[in-house]
Amino acid sequence: MVIRELPRRRALDVPIRPTRAEINIDALRHNLSEVKRAAGPLQILAVVKANAYGHGAVHVARVLQEAGVSFLGVALIEEGVELRNAGITAPIVVMGGSYRSGYGLLVSHRLTPMVFQDEHLRELNAEAVRQKQKVAVHVKLDSGMGRIGASIDELPRLLLSLQGCAHLEMEGFCSQLASADVQNSQQTRDQLAVFRRGLQCVDTAGLKPKWRHLANSAALLGLPEAKVGWDVNLARPGLALYGLRTAEWLGEELLLQPALTWKTGVTHLKTVQAGQKVSYGGTWEAKRQSVIATLPVGYADGYHRSYAGKGYVLIRGVRAPVVGRITMDMCMIDVTDIPHVAMGDDVVLLGTQGKERISAELMAEWAGTIHYEVLCGIGARVPRLAE
Ligand SMILES: *Cc1c(COP(=O)(O)O)cnc(C)c1O
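Asks: What is the right way to read the sheet that holds strand E8 (residues 211–215) from this model?
Replies: Whenever strands of a sheet pair, they do so through backbone hydrogen bonds, lying parallel or antiparallel. Strands sit in the order E2-E3-E4-E5-E6-E7-E8-E9 around a closed barrel of eight strands; the barrel is parallel. Strands strand E5 (111–115), strand E6 (135–141) and strand E7 (168–175) of the sheet are contacted by helix H6 (residues 118–130), whose axis makes an angle of about 155° with E5.

Asks: Can you help me understand the environment of tyrosine 303 in this one?
Replies: Structurally, tyrosine 303 is set in the loop between strand E14 (290–295) and strand E15 (312–315). Between the C-alpha atom of tyrosine 303 and that of threonine 327, which follows or precedes it by 24 residues, the distance is 9.2 Å. Ignoring any residue separated from it by four or fewer positions in sequence, one finds tyrosine 303 in contact with Trp262, Val297, Gly298, Tyr312, Val313, Val322, Ile326, Cys331, Leu349, Met363 and Trp366.

Asks: Could you clarify how one ought to interpret the domain arrangement of the chain in this entry?
Replies: How large an interface is tends to be reported as the accessible area lost when its parts come together. Domain annotation of the chain identifies domain 1 (25–242) and domain 2 (260–386). Opposite the nine residues of domain 1 that make contact, domain 2 presents seven residues. Together, the buried faces of domain 1 and domain 2 total about 730 Å²; carbon and sulfur atoms form 73% of this surface. The largest contributions to the domain 1 side of the interface with domain 2 come from Tyr53, His55 and Leu239, which together make up 59% of the buried area. In this structure, the connection of domain 1 to domain 2 is made through zero salt bridges. On inspection of domain 1 and its partner domain 2, the count reaches one residue pair in polar contact (both at pLDDT 80 or more). With three residues, helix H2 (residues 49–53) is the largest single contributor of residues to the side of domain 1 that touches domain 2. Among the residues making up the side of domain 1 that touches domain 2, the classes are represented as four nonpolar, five polar and no charged.

Asks: Whenever I open this one, the pairing of E7 confuses me. Can you help?
Replies: It is a general feature of regular strands that their side chains alternate between the two faces of the sheet. Here E7 lies mainly inside the structure; seven of its eight residues are buried. Note that E6 and E7 share seven bridges and pair parallel. Paired with valine 135 across the two strands is leucine 168, which belongs to E7. The parallel pair E6 and E7 is bridged by helix H7 (residues 155–163), and the resulting crossover is right-handed.

Asks: Explain the nonpolar core here, please?
Replies: In summary, soluble globular proteins display a tendency toward joint burial of nonpolar side chains. Membership of the largest hydrophobic core comes to 128 residues, with the highest contact counts inside it found for Leu72, Trp262 and Tyr303. Per element, the largest residue contribution to this core is seven residues, and it comes from helix H1 (residues 25–39). The residue makeup of this core includes at least three contributed by each of domain 1 (25–242) and domain 2 (260–386). Ignoring anything within four residues of it in the chain, the contact list for leucine 72 reads Leu45, Ala46, Val48, Ala61, Leu64, Ile88, Ala90, Pro91, Ile92 and Val93. Of all hydrophobic cores here, the second largest spans seven residues; its members include Val278, Ile292, Val323 and Met332.

Asks: In this structure, what is going on with the site of the ligand? I would like to understand it.
Replies: Residues in contact with the ligand amount to 14 residues; listed here are only the nearest, Lys49, Tyr53, Ser217, Leu239 and Tyr372. Between lysine 49 and the ligand, the recorded distance is 2.6 Å, taken from a side-chain N or O atom to an oxygen atom. Residue composition of the shell around the ligand, grouped by class: six nonpolar, four polar and four charged.

Asks: How should a negative patch on the surface be read in this particular structure?
Replies: Taken together, the side chains of Glu248, Glu252, Glu253 and Glu361 present a region of like negative charge at the surface. Inspection of the secondary structure puts glutamate 252 in the loop between strand E9 (234–235) and strand E10 (260–265).

Asks: Would you take a moment to explain the packing of aromatic side chains for this structure?
Replies: Two numbers describe a pair of aromatic rings. These are the distance of the centres and the angle of the planes. Enumeration according to the criterion identifies nine aromatic pairs in this entry. Pairing tyrosine 53 with tyrosine 372 gives two aromatic rings, centres 6.2 Å apart and planes at 40°, and the pair type is tilted. Residue tyrosine 53 is located in helix H2, and its partner tyrosine 372 is located in helix H11 (residues 371–376); the two are separated by 319 residues in the primary sequence. Exposure remark for tyrosine 53: the relative accessible area of 6% places this residue in the buried category. With a relative accessible area of 24%, tyrosine 372 lands in the partly exposed category. Each ring, one from tryptophan 262 and one from tyrosine 303, has its centre 5.8 Å from the other, and the planes form 75°; the classification is edge-to-face. Linking tryptophan 262 in strand E10 with tyrosine 303 in the loop between E14 and E15, this pair joins segments that are 41 residues apart in sequence. Neither tryptophan 262 nor tyrosine 303 differs from the other in exposure class; each is buried.

Asks: Sorry, what's going on with the side chain of histidine 371 here?
Replies: If you trace the backbone, histidine 371 turns up in helix H11. Here histidine 371 is in contact with Leu239, Leu244, Arg245, Thr246, Ala360, Glu361 and Ala364, once residues within four sequence places are set aside.

Asks: Looking at this structure, how should I read the pattern of salt bridges?
Replies: Pairing is possible between side chains of opposite charge, provided their charged atoms come close. The final tally for this structure, using the stated rule, is 17 salt bridges. Between lysine 263 and glutamate 22 there is a salt bridge; the shortest N-O distance is 2.9 Å. Of this pair, lysine 263 sits in strand E10 while glutamate 22 sits in strand E1 (residues 20–23), placing them 241 residues apart in sequence. Lysine 263 gets classed as buried once you look at its relative accessible area, which sits at 14%. Here aspartate 337 makes a salt bridge to arginine 288, at a shortest N to O gap of 3.1 Å. Taken together, the residues aspartate 337 in the loop between strand E17 (331–334) and strand E18 (346–353) and arginine 288 in the loop between strand E13 (284–285) and E14 connect sequence positions 49 residues apart.

So, how was this worked out
- Residues numbered from 1 in each chain as written.
- Predicted model: local features only at pLDDT ≥ 70, side-chain atom pairs only at ≥ 80, totals over all residues.
- Heavy atoms only, no water.
- Pairing = 2+ DSSP bridges.
- Helix = DSSP H or I, 4+ residues; strand = E, 2+ residues; numbered from the N terminus.
- Contact = heavy atoms within 4.5 Å.
- Axes fitted to C-alpha atoms, helices over the stretch in contact; angles between N-to-C directions.
- Domains from an automatic or database assignment.
- Buried area = accessible area lost by both parts, 1.4 Å probe.
- Salt bridge = Lys/Arg side-chain N within 4 Å of Asp/Glu carboxyl O.
- Polar contact = N/O pair within 3.5 Å; in protein donor to acceptor, adjacent residues only side chain to side chain.
- Nonpolar A, V, L, I, M, F, W, Y, C, P; charged D, E, K, R; others polar.
- Buried < 20%, exposed > 50% of the residue type's maximum accessible area, 1.4 Å probe, protein only.
- Right-handed = clockwise from strand over helix to strand, strands pointing away.
- Core = buried A, V, L, I, M, F, W, Y, C linked by side-chain atoms within 4.5 Å.
- Near = heavy atom within 4 Å.
- Patch = residues over 30% accessible without salt bridge, like charges linked within 9 Å, V, L, I, M, F, W, Y side chains within 5 Å.
- Areas by Shrake-Rupley, 256 points an atom, 1.4 Å probe, with all protein chains shown as cover.
- Lys, Arg positive; Asp, Glu negative; His and termini not counted.
- Charge placed at Lys NZ, Arg CZ, Asp CG, Glu CD.
- Phe/Tyr/Trp six-rings, centres within 6.5 Å; stacked < 30°, edge-to-face > 60°.

Written as structure tokens, this is what we have:
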């Protein structure tokens, strides 16, 4: 059997159903300036992987490029190519380490990979020779995260291999912290020590990478060691740019503004009698005569099924509970106690309406997950809008 890729789906350009994610560009710019303030002398590699945490990678990348970040960071070659095809010219670091048949694209699209295996160096160098290019790479050390990267023991040999690759230039040296969101973490201290040994290794090899980096948002906001007294000069924030804190204690002194509001509208309104059931399985039953509104958003859009029984939305500035099971494309809310609810009313699923706010942190709590997953989980079917 031959496996071939099926045509990618492309949504209509004009959204018809009212479900959408609105991106506040001013908030993005504001968050970047707050992050820059926190970063002090460090330059910024703005992480826009996973469709910019659900905010729309191309648009976010344009805004951040214009605002003057030094690098953009993505996880996949595919994501980097998408940005290049959209005209993004800023340096782009590919952080995911999954390159396989993509070395040609890395070189042709001027993407800068994190490298940590001999294969990366061999394949990249061969491709660089073929395309008559010099290719910049960032060597990735696994200082204790246990995901990707060369171990501290493998590092000297990897650096030696790199020096044998005439078409590769070591532009960066980096690592990733596993517990930067934990206060006073021993794991972080251990990782910092390994990173420092890594830097010494690089120095001993006579290599002088222009960029040294290990701080994600949590380290940038909570770990002075990741900024000062260290030979680092670049930070890789993601979440903070979108206006969220990795943990509550982090970056309290920064005024971050969530940049995404997830909205929908009312598709159907009805009165049900006491005893009437709502949605699959009949798990919710009206205890009194109730007014139920149907919203055109469901778990296929990333509105998790697990919100049922806990979740609420905002309508006319107040909370309305989600009732019954959340279905693939729709869910129902109880608006009995909210006067004047009408067809076409704006409904906020995530964000602020009037004095009320539903945060990604709260939705994560409903679903037993983290705010990162709530944002990334907003589906491809939901159009992203910005002014
Ligand atoms: C995702 C990622 C980041 C950004 O992390 P945040 O917690 O969103 O700031 C930084 N570095 C690497 C390697 C990443 O994969």
